[in-house]
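The lines below spell out each chain.
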4 protein chains.
Amino acid sequence: MSSTYGEHLKLSIFGQSHGAAIGMTLDGIPAGLPVDMDALQAFLARRAPGQGAYATSRKEADSPEFLAGIVDGFTCGAPIAAIIRNQNTRSGDYEELKEKPRPGHADLTAQIKYGGYQDVAGGGHFSGRLTAPLCIAGGLCKQWLARKGIRIGARLFSVGGIQDAPMDRCDPALDQINPDFPVIDAKIGAQMREAIAAAKAEGDSLGGVIECFVTGLPVGLGDPMFDGLESKLAQIIFGIPAVKGLEFGAGFEAAAMRGSENNDPIVINNDKIVTATNNAGGILGGISNGMPLQLRVAIKPTPSIAKEQLTVSLSKNEQEKLIIQGRHDPCIAPRAVPVVEAAAAIGIFDAYLAYFGNKTEE
Amino acid sequence: MSSTYGEHLKLSIFGQSHGAAIGMTLDGIPAGLPVDMDALQAFLARRAPGQGAYATSRKEADSPEFLAGIVDGFTCGAPIAAIIRNQNTRSGDYEELKEKPRPGHADLTAQIKYGGYQDVAGGGHFSGRLTAPLCIAGGLCKQWLARKGIRIGARLFSVGGIQDAPMDRCDPALDQINPDFPVIDAKIGAQMREAIAAAKAEGDSLGGVIECFVTGLPVGLGDPMFDGLESKLAQIIFGIPAVKGLEFGAGFEAAAMRGSENNDPIVINNDKIVTATNNAGGILGGISNGMPLQLRVAIKPTPSIAKEQLTVSLSKNEQEKLIIQGRHDPCIAPRAVPVVEAAAAIGIFDAYLAYFGNKTEE
Amino acid sequence: MSSTYGEHLKLSIFGQSHGAAIGMTLDGIPAGLPVDMDALQAFLARRAPGQGAYATSRKEADSPEFLAGIVDGFTCGAPIAAIIRNQNTRSGDYEELKEKPRPGHADLTAQIKYGGYQDVAGGGHFSGRLTAPLCIAGGLCKQWLARKGIRIGARLFSVGGIQDAPMDRCDPALDQINPDFPVIDAKIGAQMREAIAAAKAEGDSLGGVIECFVTGLPVGLGDPMFDGLESKLAQIIFGIPAVKGLEFGAGFEAAAMRGSENNDPIVINNDKIVTATNNAGGILGGISNGMPLQLRVAIKPTPSIAKEQLTVSLSKNEQEKLIIQGRHDPCIAPRAVPVVEAAAAIGIFDAYLAYFGNKTEE
Amino acid sequence: MSSTYGEHLKLSIFGQSHGAAIGMTLDGIPAGLPVDMDALQAFLARRAPGQGAYATSRKEADSPEFLAGIVDGFTCGAPIAAIIRNQNTRSGDYEELKEKPRPGHADLTAQIKYGGYQDVAGGGHFSGRLTAPLCIAGGLCKQWLARKGIRIGARLFSVGGIQDAPMDRCDPALDQINPDFPVIDAKIGAQMREAIAAAKAEGDSLGGVIECFVTGLPVGLGDPMFDGLESKLAQIIFGIPAVKGLEFGAGFEAAAMRGSENNDPIVINNDKIVTATNNAGGILGGISNGMPLQLRVAIKPTPSIAKEQLTVSLSKNEQEKLIIQGRHDPCIAPRAVPVVEAAAAIGIFDAYLAYFGNKTEE
């Protein structure tokens with residue numbers, strides 16, 4: 001089912017990087033939910049290319065056109081559909097990707113799986129550009145969750161190994177995340193940008209880790225085993241291109257801890273039953289436990305680099321050298337921050353619908 | 001859909017730890033696939049409690065009873081169903097879990113979500129015992145994949161921070177994994193067992209990381225975005241209790257690497273097009289690229305420890321101290337090794353059916 | 001996904017007629033729903049073979065064993081699993097079905113699709129016996145719907161062309177359906193039984209039409225297009241063996257009516273907005289409109305008849321004559337009445353969960 | 001999941017009658033399938049309003065714009081997306097439907113379910129206009145099935161009770177179906193048109209029955225129980241607005257037949273094993289048996305009629321009279337003929353992918 005997600009909502013993402021348009025349909029959404037288009041546009045702008053001081057080119061944010069599902073600013077109960085027209089048309093100079101596949105991309109894989117029929121232009125359906133429609137769907141879900149007091153915020157946990165200041169898993173200060181460059185320590189943020197610029201100058205690229213928090217969750221979202229929150233979120237988050245790792249709470253660190261350290265003591269705090277620590281990342285048995293949900297996502301370094309690389313000429317079956325032309329983000333982690341928020345919002349909203357149903361809001 | 005998994009096969013896991021039985025149904029399997037019951041039993045024995053020198057008690061392996069779907073040693077095209085009777089009946093002494101929830105378990109979460117109706121005995125449906133039916137399904141899928149030349153093997157990458165010797169991502173020596181204690185370096189294995197024993201002696205527990213390889217995969221399994229191999233495997237692997245992290249290939253390390261390091265050069269080796277390294281873990285664009293698939297899973301330390309812990313009396317709404325009685329694995333990672341193999345086999349077989357269909361074998 | 005049904009609940013049916021057991025798992029059910037085992041057993045008895053004066057042999061009703069999902073008489077939030085052991089073991093005398101396929105059965109189809117690996121004994125997974133686990137799941141859903149004031153009742157609309165007295169689509173008198181032989185006119189019921197007995201005496205069989213009503217439905221169940229109530233119910237009802245037709249409300253008759261006749265006028269009745277007629281069968285746009293849901297199901301005559309029939313010897317590739325031995329229901333429609341109720345209950349409960357969510361009852 | 005269909009392909013339909021656009025996404029389709037746009041356009045023209053001598057207004061056929069999934073005339077393995085822009089924008093004069101719901105429409109149902117947030121203009125998402133994107137998807141599937149020798153053809157079996165000449169279930173003469181008005185007996189077709197014209201002149205409307213055949217099916221498509229061909233086709237066919245009944249083969253007639261009449265004798269004909277009759281409609285046990293698949297669909301009379309009808313003023317809670325303005329098809333059955341073909345093609349293609357997988361064509 002490649003590009004379709006969800007049990008209680010159904011998200012379908014379509015489009016290729018240089019096709020006519022990219023877009024999404026989002027089905028199963030209750031009627032009567034308000035849509036704040038300005039807030040959505042601002043959210044999409046966070047993912048759009050060229051924003052921020054650390055990037056060289058400036059471009060207008062992608063503007064979705066809504067084709068269905070929203071009437072007079074509210075969901076109408078019918079599937080929502082939105083598209084973004086592509087400005088770059090297929091130029092034909094991508095045919096070389098079928099001949100000389102790029103390391104770290106899906107070029108060779110797609111060539112074999114799709115027998116040469118795949119759309120190679122700009123990476124086709126594998127392009128990071130497809131995260132724009134994901135952000136349309138996720139931006140909407142994020143708005144609707146916010147009305148329930150559920151808030152989602154992410155930041156760069158690290159870039160190229162440089163770590164941002166720690167955030168409290170029990171009480172994450174989402175308001176302190178810098179809107180321009182999503183870290184909480186501006187000085188570290190400046191170091192990250194320098195590292196990105198340095199990598200770029202060398203024709204290279206960097207990866208990063210994104211940390212995402214969800215606060216205000218009711219206890220009880222998620223179902224056991226394969227429909228637990230971890231499973232549900234993992235399926236959509238690993239659908240984001242370049243994601244190679246995911247951990248919840250203490251995650252891989254927990255594997256090196258003792259039970260007495262990792263177990264979160266159950267305590268009474270201000271007359272509320274909470275846990276004193278949050279190594280579980282807000283999820284026990286696949287179900288939200290009322291603490292902030294916390295997860296981290298590993299983003300690999302941009303595979304498109306200017307440095308010379310080794311590849312193979314498929315027609316000649318000979319070793320070749322490859323120089324990738326064109327401008328590419330030297331680090332996609334900053335732009336992936338809202339994408340992780342979007343994916344989390346969609347997964348959480350699916351769990352929300354499972355629990356509370358899809359009746360119209362009153 | 002809590003305990004149901006799959007798009008092209010449908011796995012349904014049921015049972016509670018102290019209920020009448022645990023079991024599974026596996027639907028959508030082609031007819032004509034042979035079932036080697038001895039091999040399955042041997043696979044299940046790897047997960048069963050009490051095996052191995054590092055554990056104190058010895059017990060017979062769980063024996064599944066097949067109720068449907070297999071005739072004269074071959075799948076018949078109808079859903080497969082198997083159960084394992086529980087020996088331990090509900091003793092009633094578990095009611096305290098509703099009163100004093102255990103840290104690190106789903107007790108409190110389930111109490112609120114299910115309003116006290118949940119089966120608390122032995123952890124109910126949240127028990128690690130539910131991985132036995134997962135291993136029945138996965139053991140079968142593993143056999144069927146082996147007939148196609150697809151082999152799945154896992155080992156303990158680390159326990160309590162102690163790491164096994166490295167394995168080659170491009171050519172993992174699966175035969176060198178020790179069958180008794182799944183590491184490749186026996187000396188390190190002995191250290192791990194000592195660490196587990198030491199933790200146990202202190203009334204504490206350890207976690208670990210499991211590394212799993214899949215070799216012999218054809219190019220082209222997996223579909224883009226949410227049905228990519230990473231998404232498909234993540235959904236089922238995070239359904240295993242105690243899993244808190246998952247990474248493919250270089251994973252979280254990739255986030256600290258440069259593109260020029262992380263990209264796997266495409267080379268010709270023995271007239272075959274391969275990659276010189278395998279930081280991608282065998283997956284590009286969600287699709288198998290012909291290199292070994294490799295992933296790592298973080299297992300948290302057993303939450304049931306003998307040490308005194310903090311909890312809350314739900315009826316009195318007062319802070320309480322908790323001592324958990326009974327025997328528990330001081331580290332579940334060794335027994336989780338075949339469970340990760342099982343989950344991987346199920347996910348891969350689902351992708352296999354998507355690609356090749358469910359026609360009867362000829 | 002052959003034998004798996006549902007979007008918000010997941011039903012999985014397994015078993016072959018002469019295998020070890022038949023059974024079902026039912027996943028996604030809220031915790032806290034009471035289970036009345038006596039009522040369930042009484043419901044299952046309606047489907048069991050041998051009951052009623054029109055049948056010659058008497059046999060005990062099938063008794064399910066619940067393996068999971070129910071604790072102390074209430075659902076516990078985990079998947080429900082139940083099995084029925086088969087008394088008849090595979091006798092080996094069914095192998096002839098692979099050689100001489102029976103007309104009207106799936107023997108030839110299965111032989112080709114499953115390459116001879118299918119379980120032929122007693123029809124295998126295609127047996128009408130598989131409706132017993134469907135009735136376990138449906139009997140439970142029926143109980144739970146009844147607690148919401150939603151009542152489901154079915155009767156024989158016709159047998160062998162003999163029609164029962166009409167029932168009012170706007171106000172069906174479900175209490176007047178005879179519990180022993182499900183018609184409202186006892187005299188017509190006697191004629192039906194005579195017709196069945198006469199067909200049997202001739203070594204032949206009869207079909208019938210079942211009419212099912214659902215009263216007390218809230219407005220708003222069902223979602224547009226492919227998840228409308230008609231689609232949802234059709235998918236499960238056509239999963240019942242021998243069903244060859246389905247219509248809602250005026251159904252095929254509506255096709256011969258004029259709009260002015262078929263449209264149900266909207267009127268005020270006792271201060272409530274209702275429709276004056278109910279040709280829509282309680283569904284408009286796929287969504288319940290508050291009127292009784294009504295549907296009719298065509299059941300074909302039992303294909304197993306004593307009369308000589310034409311078939312082909314598959315090994316010799318020659319025309320053959322076939323005499324089917326053994327006792328078979330000369331008309332399965334009476335026993336299919338509770339099966340249609342069960343299927344309707346499952347479909348409606350799935351729609352109910354979509355609308356109201358799966359939160360624990362309070 | 002309201003407007004999403006399929007297990008192995010995923011179809012998502014979106015749009016409202018007077019929204020910006022209607023459209024569809026079709027995911028899971030193998031790469032390398034050719035697309036004949038002219039043939040697709042000709043297929044869509046059969047559904048488009050205003051064609052044929054029996055209709056008064058003439059209008060251009062809807063022209064889809066493909067946004068994704070097709071490159072240089074072939075599927076590329078990515079989801080296919082297409083839209084049709086709506087020419088009629090929302091005029092605002094539809095608000096009355098919220099006040100005075102039309103009998104036979106989903107107005108009142110939607111008003112209650114969606115709390116007044118539904119799009120009422122032109123019927124919104126409930127409009128028959130949504131069958132245009134269904135025909136895009138179905139028209140494509142029909143082309144791809146034709147390459148495998150699987151042919152789909154439908155005709156008007158009856159209109160307003162007037163029946164077309166019979167067609168042979170064992171060997172349907174699809175070429176004899178008149179392309180302009182889909183019957184095989186032109187004289188009867190003329191009578192049907194007259195009946196439609198007469199109903200229209202009286203401000204009334206007619207229904208009809210559509211018969212659809214699928215020839216050239218391999219044996220073995222479909223899976224048992226809920227994924228059988230009947231279930232699979234029923235779910236999508238009942239998603240077509242105005243469908244109220246569906247039968248396969250002898251269908252409701254079979255319910256009045258004897259087993260000896262209804263069973264299709266298995267015979268050898270030209271060295272092939274076939275059935276002498278085809279009361280099963282080509283499906284046994286949910287699985288194609290190699291005979292032509294045949295089904296009939298009951299279409300209710302158009303609910304929008306010019307005659308005065310009874311309704312209720314929702315704001316005043318008073319009985320009202322309603323006159324529906326505007327032009328409406330006096331019988332939608334003729335235009336629904338290609339829609340049934342489209343739905344059948346999609347359902348069959350889903351079963352085809354289950355059986356043969358989604359590998360790229362070679």
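Residues numbered from 1 in each chain as written. Chains lettered and ligands numbered in written order. Predicted model: local features only at pLDDT ≥ 70, side-chain atom pairs only at ≥ 80, totals over all residues. Heavy atoms only, no water.

Observations concerning the pairing of strand β18 (residues 318-322) of chain B
Residue and element names in this part refer to chain B.
Thought 1: Bridge analysis of strand β17 (residues 309-313) against β18 gives five bridges, and the strand direction is antiparallel. The partner of Gln 309 across the bridge, within β18, is Leu 322.
Thought 2: From the end of β17 to the start of β18, which pair antiparallel, there are four residues, and Asn 317 there has a positive phi angle of about 55 degrees. (Pairing = 2+ DSSP bridges. Helix = DSSP H or I, 4+ residues; strand = E, 2+ residues; numbered from the N terminus.)

Section: the relation of the copies chain C and chain D
Thought 1: With an axial shift of 0.0 Å and an RMSD of 0.0 Å, the rotation relating chain C to chain D amounts to 180 degrees. Look at the turn and shift together and you get a two-fold axis relating the two.
Thought 2: Taken together, the interface assignments show that 100% of the residues at the interface of chain C recur at the interface of chain D, consistent with an identical surface on both copies. (Least-squares fit on C-alpha atoms with pLDDT ≥ 70 in both. Contact = heavy atoms within 4.5 Å.)

Description of the confidence of the model for chain A
All names here are of chain A.
Thought 1: Averaged over every residue, the pLDDT of chain A is 93; the share at 70 or more is 94%.
Thought 2: Low confidence marks residues 52-58, where pLDDT is under 50. Its contacts with residues over four positions away, or in another chain, come to eleven contacts.
Thought 3: Interface confidence for the predicted complex, expressed as ipTM, amounts to 0.96; the pTM equals 0.97. (pLDDT = per-residue confidence, 0-100.)

Section: the interface of chain C and chain A
Thought 1: Across the boundary between the two partners, chain C contributes eleven residues, which contact eleven residues of chain A.
Thought 2: Of the roughly 1000 Å² buried at the junction of chain C and chain A (both faces included), carbon and sulfur atoms supply 45%.
Thought 3: It is Tyr355(C), Asn358(C) and Lys359(C) in chain C that bury the most area against chain A; as a group they hold 45% of the surface buried on that side.
Thought 4: Counting across the chain C and chain A interface gives zero salt bridges.
Thought 5: In this structure, the connection of chain C to chain A is made through seven residue pairs in polar contact (both at pLDDT 80 or more).
Thought 6: By residue number, the principal contributor to the side of chain C that touches chain A is helix α9 (residues 333-356) of chain C, which donates four residues. (Buried area = accessible area lost by both parts, 1.4 Å probe. Salt bridge = Lys/Arg side-chain N within 4 Å of Asp/Glu carboxyl O. Polar contact = N/O pair within 3.5 Å; in protein donor to acceptor, adjacent residues only side chain to side chain.)

Side note on the pattern of salt bridges
Thought 1: According to the stated counting rule, one finds 80 salt bridges over all chains in the structure shown.
Thought 2: With its nearest N and O atoms 2.7 Å apart, the salt bridge here joins Glu341(A) to Lys142(A). A residue pair is termed long-range when its members are at least 10 positions apart, and Glu341(A) in helix α9 (residues 333-356) and Lys142(A) in helix α4 (residues 131-147) qualify at 199 residues.
Thought 3: Its relative accessible area of 2% is what places Glu341(A) among the buried residues.
Thought 4: A salt bridge links Asp329(D) to Arg335(D); the nearest nitrogen and oxygen atoms lie 2.6 Å apart. (Buried < 20%, exposed > 50% of the residue type's maximum accessible area, 1.4 Å probe, protein only.)

Structural notes on the interface of chain C and chain D
Thought 1: Taken together, the contacts link 98 residues of chain C with 99 residues of chain D.
Thought 2: Of the roughly 7800 Å² buried between chain C and chain D, counting both surfaces, carbon and sulfur atoms make up 63%.
Thought 3: A per-residue breakdown of the area chain C buries against chain D is headed by Phe226(C), Lys244(C) and Ile266(C), which together make up 11% of the total.
Thought 4: Our count for the chain C to chain D interface comes out at six salt bridges.
Thought 5: Across the salt bridge formed by Glu230(C) and Lys244(D), the nearest N and O atoms sit 2.9 Å from each other.
Thought 6: At the boundary of chain C with chain D, the tally comes to 39 residue pairs in polar contact (both at pLDDT 80 or more).
Thought 7: Its residues assigned to classes, the side of chain C that touches chain D shows 50 nonpolar, 32 polar and 16 charged. (Nonpolar A, V, L, I, M, F, W, Y, C, P; charged D, E, K, R; others polar.)

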